Amino acid sequence: PNVCAVQKLIGTNRKYFTNCKQWYQRKICGKSTVISYECCPGYEKVPGEKGCPAALPLSNIYETLGVVGSATTQLYSDRSNLRPEIEGPGSFTIFAPSNEAWASLSAETLDSLVSNVNIELLNALRYHMVNKRVLTDDLKHGITLNSMYQDLPIQIHHYPNGIVTVNCARLLKADHHATNGVVHVIDKVIATTTNSIQQIIETEESLETLRAAVAASDLNSLLESEGQYTLLAPTNEAFEKIPQETLNRILGDPEALRARHLLNHHILKSAMCAEAIIAGLTMETLEGTTLDVGCSGEELTLNGKPIIANKDVLATNGVVHFVNELLIPDSAKTLFELAQESEVSKSMDLFRQAGLSSHLTGSEQVTLLAPVNDVFKDGLPIVDSNMKNLLLNHIVRDQLSSKHLYHGQKLQTLGDKELRVFVYRNNLCIENACIAAHDKRGRFGTLFSMDKMLTPPSGSVMDVLKADHRFSTLVAAIQSAGLTENLNRPGTFTVFAPTNEAFRAMPQGELNKLMGNAKELANILKFHVADEILVSGAVSALVRLKSMQGDKLEVSMKNNVIHINKEPVAESDIMATNGVIYAVNSVLQPQASRPQERGDEPADPALEIFKQASALSKVSQRNPRLAPVYSRLLARMK
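Predicted, not measured: the structure shown is a model, and the values here were computed from it. (Residues numbered from 1 in each chain as written. Predicted model: local features only at pLDDT ≥ 70, side-chain atom pairs only at ≥ 80, totals over all residues. Heavy atoms only, no water.)

A.B. asks: Mind laying out the environment of Val-313, listing which residues take part and the relevant values?
C.D. replies: Assignment of secondary structure puts Val-313 in strand β19 (residues 308–315). A relative accessible area of 21% places Val-313 in the partly exposed class. Each C-alpha atom of the pair Val-313 and Thr-230 lies 9.9 Å from the other, and the pair is 83 residues apart in sequence. Discounting chain neighbours no more than four positions away, the residues touching Val-313 are Ile-200, Val-319, Val-320 and Phe-322. (Helix = DSSP H or I, 4+ residues; strand = E, 2+ residues; numbered from the N terminus. Buried < 20%, exposed > 50% of the residue type's maximum accessible area, 1.4 Å probe, protein only. Contact = heavy atoms within 4.5 Å.)

Here's what the structure looks like:
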């Protein structure tokens, strides 16, 4: 009974009196913890008994400070003449810094407090006190308590992970009752706060560039107003790291700089003290974007990088963390900058070699369809005039969002081609390429990461087949069957096109017979065509299409190869203006034309008797009553 679990962070003096929300993680900031057990506040061990069964007698706050590991606070209470007050009658709450908290103060700070014990130290201690009993259940998130030093406010934050902070100092041991109040042990000596976030910016030399940016974007009033914000304040050094050209572009663009963009990306909607972050979490900025705030050991991280230089500078309306890198939101970046930070950097090399960088760095509103780096694992293709034209067709006029794309939509490229949008259950595709990651929306352009290079259509299905020597036999067959006009008209066809090799593989007599029968030939050819477009990116396991002949076609993916009716496809996604073509090395046979397999034959009464006889022969050996039935079956079989 009355035993409390404590998580101790290996290699540090940090302790966490565990609540159930942290218990199962067994990690703080990615580092393992050691679990130890201590008597809960107000209880002690008894020799020979389990746990901590004995309740300690209550004493006054002064005596309690020595019991809970805050002997230094007790000592300074005595020196500053606070002792008589916290030994006497009343109902107080004291947030008592731990012994380690006092020891961590700089010699200069501690000296200034202790040298004039009757004034500075007394005032500092009284700022840690509230003139009423306040338990952890009363410490609600965002409230302020009036301290016993000039009624100056103490800010309380109670986070969803169970951590409570007092002016950003973490509550270590809570709710130690005393006869005249309650003692909470905290991990820092807290100081009075009188400046707003805006006033901190105005007085801090290392935030001079930020001061100018705030003034230019009219955010002064917001950062002076009441509320609870977190400002991730870029230092002068952070601004200096940005290339001058980029910085001039952002600072010279009021739309990129002001409320909805750059600076609002540095302001979180709630006050987040560093001590409350014990694992990664996503937080929303005033701009509506998100930042991944986390920690690694002793360091705070933003988007995975340890860039916070100075943390927990408390303000009357929130908290400021100084950061040594500028957090440029996607909405203030050029397409080129977006791409450099994504898995499409090799595509950027191609566009640069082709002399198309101006489209990706200027104010032109476009959408870039950039193949991911894996597409170029065997090296970048040679950039010639044909490749430049192809790359121009990867840049779509207008800034799009994938959320607003719809099936059948037509997109105009800078290369004057028309691209089609295909929406499938498991993918969103533009021609033969499908979107591989969430789009990134920049200042003027949007980046779509694509799973392959696009191949814009160059003609109708018949045009494409005629232009490819592999399909000369098929073209002749289509013309003989009178289907040329069908495959030339506007439509949405998927054609599984047998190559010359496929026709050569047929027995000569069968091929001659087929070619001489226009009706049968048309029937076979229609079985190779479906009246909807299916690109390979839409096939995850199995897709069934209805052929123009009427029977179903089964399209599947196996070992990254498309199969049609279990036959591997030689080439996928040959795009046409009215469909898509797959090259196949066999002529597909409709159900009615295939040789009958045993499983497809109609039921035969004699066959059923054989099946029953086999089963009953085993049963009748175990059950004599069934023997006559078995005998009659044998007679019928004879």
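Still to come is the rest of the account.
A.B. asks: Please provide a residue-by-residue account of the side chain of Ser-586, values included.
C.D. replies: Among the structural elements, Ser-586 can be located in the loop between β35 (579–584) and α24 (605–622). Those residues within four positions of Ser-586 in sequence are excluded, and the remaining contacts are Pro-498, Ala-502 and Glu-567.

A.B. asks: Residues and numbers for the packing of aromatic side chains, please.
C.D. replies: Going through the model one piece at a time under the given rule, you end up with three aromatic pairs. Both rings, one in Tyr-76 and one in Trp-102, keep their centres 4.8 Å apart while their planes meet at 75°; by these two values the pair is edge-to-face. Residue Tyr-76 is located in helix α3 (residues 71–79), and its partner Trp-102 is located in helix α5 (residues 99–103); the two are separated by 26 residues in the primary sequence. Overall, Trp-102 belongs to the buried group, its relative accessible area being 2%. Across from the ring centre of Phe-444, 4.5 Å away, lies the NZ or CZ of Arg-443, which sits over that ring. (Phe/Tyr/Trp six-rings, centres within 6.5 Å; stacked < 30°, edge-to-face > 60°. Lys NZ or Arg CZ within 6 Å of the ring centre and 35° of its normal.)

A.B. asks: Lay out the nonpolar core with the relevant residues and their values.
C.D. replies: Counting 30 residues, the largest nonpolar core has Leu-465, Leu-474, Ile-478, Leu-525 and Ile-581 as the members making the most contacts within it. For this core, the elements supplying multiple residues, two or more each, are α18 (461–467), α19 (472–481), β29 (493–498), α21 (500–504), α22 (508–515), α23 (518–526), β34 (567–576) and β35. Among the elements that line this core, the one with the most residues is α19, at five residues. Leaving out residues up to four positions away in the same chain, Leu-525 has contacts with Leu-474, Ala-477, Ile-478, Ala-481 and Leu-483. (Core = buried A, V, L, I, M, F, W, Y, C linked by side-chain atoms within 4.5 Å.)

A.B. asks: Break down the pattern of salt bridges for me, with residues and values.
C.D. replies: All told, the structure shown has 19 salt bridges when counted by the stated rule. The partner of Glu-325 in a salt bridge is Lys-305, and the shortest N-O contact between them spans 3.0 Å. With Glu-325 in the loop between β20 (318–323) and α14 (335–340) and Lys-305 in the loop between β18 (299–302) and β19, this residue pair connects regions lying 20 residues apart in the sequence. Overall, Lys-305 belongs to the partly exposed group, its relative accessible area being 41%. For the salt bridge of Asp-330 with Lys-440, the shortest nitrogen-to-oxygen distance reads 3.8 Å. Separated by 110 residues along the polypeptide, Asp-330 in the loop between β20 and α14 and Lys-440 in strand β27 (residues 440–441) bring together distant segments of the chain. Judged by relative accessible area, Lys-440 falls into the partly exposed class, the value being 26%. Residues joined in a network through salt bridges with shared partners are Arg-170, Asp-187, Lys-188 and Glu-275. (Salt bridge = Lys/Arg side-chain N within 4 Å of Asp/Glu carboxyl O.)

A.B. asks: Tell me what's going on with the side chain of Gln-74, and back it up with residues and numbers.
C.D. replies: Within the secondary structure, Gln-74 is located in helix α3. With residues up to four places along the chain from it excluded, the contact list for Gln-74 reads Tyr-62, Glu-63, Leu-65 and Gly-66.

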